[in-house]
Amino acid sequence: MLKNTLRRNKGITLIALVVTIIVLLILAGISISMLTGQNGILNRATTAKKQTEISQIDEMVKFSAMDALANGNGKITEDLLTEALNKNLGSGNYTLTGNETDGWTIVANEKKYNINGNGSITEKGKEISECTWKEINALAKEIAKDSTITKDTDTVTKTINGKSYTATVGDKKTITIDEKDYTVRILGFNHDTLSDGQTAYGDASITTAGISFEFETLLPGAKMNSSNTNSGGWESSLMRTNLNSTTAVDGMINLSDLEKDTAIGSNIIKSVMKNYIKKYNNAGSITTCNDKLWLLACSEIWSKGYQENAYGYAIASEGNQYKYYADINATYNSGNSKLYKMYQGSTSSSYWWLRSPYYGSYNNFVLVHSGGFCSSIGAGLAFGVAPGFAI
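Keep in mind that this is a model prediction, so the values were computed, not measured.

Rules and cut-offs
- Residues numbered from 1 in each chain as written.
- Predicted model: local features only at pLDDT ≥ 70, side-chain atom pairs only at ≥ 80, totals over all residues.
- Heavy atoms only, no water.
- Buried < 20%, exposed > 50% of the residue type's maximum accessible area, 1.4 Å probe, protein only.
- Helix = DSSP H or I, 4+ residues; strand = E, 2+ residues; numbered from the N terminus.
- Pairing = 2+ DSSP bridges.
- Axes fitted to C-alpha atoms, helices over the stretch in contact; angles between N-to-C directions.
- Contact = heavy atoms within 4.5 Å.
- Phe/Tyr/Trp six-rings, centres within 6.5 Å; stacked < 30°, edge-to-face > 60°.
- Lys NZ or Arg CZ within 6 Å of the ring centre and 35° of its normal.

Participant: Help me out: how do you make sense of the pairing of strand β9 (residues 180-189) in this one?
Facilitator: Successive side chains on a regular strand alternate, one facing one side of the sheet and the next facing the other. Within β9, eight of the ten residues are buried, which leaves the element mostly enclosed by the surrounding structure. Of the strand pairs in this sheet, strand β8 (residues 172-177) and β9 are connected by six bridges, and their pairing is antiparallel. Bridging from a neighbouring strand, isoleucine 177 pairs with lysine 180 of β9. Examined bridge by bridge, β9 and strand β10 (residues 211-215) share five bridges and lie antiparallel to one another. Residue pairing across strands places isoleucine 186 opposite phenylalanine 213, the latter belonging to β10.

This is the structure:
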């Protein structure tokens, strides 16, 4: 009897020990997660430290401007500003460029400050041209979350993890594809509606892509279709199929090239909804497709067209005018040098395709003439490709 009791007690003690070990392991896992997780104590402390450092630098730059202004009797000179910055920030902890006429730019801890001769300070974050595409993606998400930023907004500044970023419509960035450099520029903010908003940024409440871009440098020439037809409009075109292919297409730069890590990278370009005219002469045939790469439409460039409610040579609107083109205010039937686009390495402007079918023929799509005005030509001919995309 006593032996059996002892055995039972030993069994209970062993089970209790195992349970205790499991509980301790669980608690240890929770503690490690709380310390090192994405929102863990260590990460939050690091972010807080960065934000504190930036706040301190903000104050030191302001103090420096005030010191220089006071010592200059109401006017800042470069020598006075340098002396004040050395005292407050320390020599070697900043860069100073500019002059008394145009003002100065101070860069400290990856943050920019513009100061004029009267002591006025404007903060400016890291620019698009200096950012990685992952940084641009993070910035686009913050823009997309901000309902005060609209398609008419010109400039945006956001602080992410203690770093400031600034983007302006028309800002340019270089993409390297097959060891060749191509320039893209910002068309606008919160303009394009996400077709996969529930997963694009991991937040179902976000419905627009934060930043829309277009290629300023033309990609190699390609046909809209294999023959002279605009049947089915943009969605049915060979151009759309090839541009959005995730596999290589001979003689063409497409999505598969842009999503390489050496270019933009994967899971950064967003799928958005684009309107298109399905039948060239029917204004009521507007419908929608989902694209990661698309060609611009007449209505996204010009505000008027060949007749009332037309845009360029398209019979109806296929989307709102981008801020970049609204600022240009080009006329569809007059040349405008700001619509010139060139092939990589060229100095001469060339024709480039739009996704709009020409209202007067089932053979043609619209394009931008090398002279910077609206034109049209047979879909089976090869011309410049300048895709848009959203981040």
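Having seen the structure, we can now continue with the description.
Participant: I would appreciate a short explanation of the sheet that holds strand β2 (residues 103-108) in the present structure.
Facilitator: Whether parallel or antiparallel, the strands of a sheet pair through hydrogen bonds between backbone atoms. Ordered in space as β1-β2-β3-β4, the four strands form an open sheet in which the pairing is antiparallel. Strand pairing shows two members of the sheet lacking a second neighbour, β1 (95-99) and β4 (121-124), which therefore form its edges. The mean inter-strand angle of the sheet, taken between neighbouring strand axes irrespective of direction, is 20°. Strands β1, β2 and β3 (111-115) of the sheet are contacted by helix α3 (residues 78-88), whose axis makes an angle of about 165° with β1.

Participant: Is there a simple way to explain the packing of aromatic side chains in this structure?
Facilitator: Two descriptors summarise a pair of aromatic rings, namely the distance from one centre to the other and the angle between the planes of the rings. The full count for this structure, using the stated rule, is twelve aromatic pairs. Summarising the aromatic geometry, the rings of tyrosine 313 and tyrosine 358 are spaced 5.9 Å apart at their centres and angled 85° between planes, so their arrangement reads as edge-to-face. You can see tyrosine 313 sitting in the loop between α8 (298-301) and α9 (323-328) and its partner tyrosine 358 sitting in the loop between β15 (352-357) and β16 (364-368), a full 45 residues away along the chain. The class of tyrosine 313 is partly exposed, set by a relative accessible area of 21%. An aromatic cluster is present here, built from Tyr306, Tyr313, Tyr332, Tyr358 and Tyr359 joined pairwise through their rings. Over the ring of tryptophan 352 we find lysine 341, and its NZ or CZ is 3.9 Å from the ring centre.

Participant: What exactly am I supposed to notice about the pairing of strand β17 (residues 374-378) here?
Facilitator: Burial analysis of β17 places four of its five residues in the buried class, which makes it a mostly covered element. With five bridges joining them, β16 and β17 adopt antiparallel strand pairing. Within β17, the position partnered with phenylalanine 365 by the bridge is isoleucine 377. Hairpin geometry of β16 and β17 is characterised by an intervening segment of five residues between the two adjacent antiparallel strands and by a positive phi of about 85° at glycine 372.

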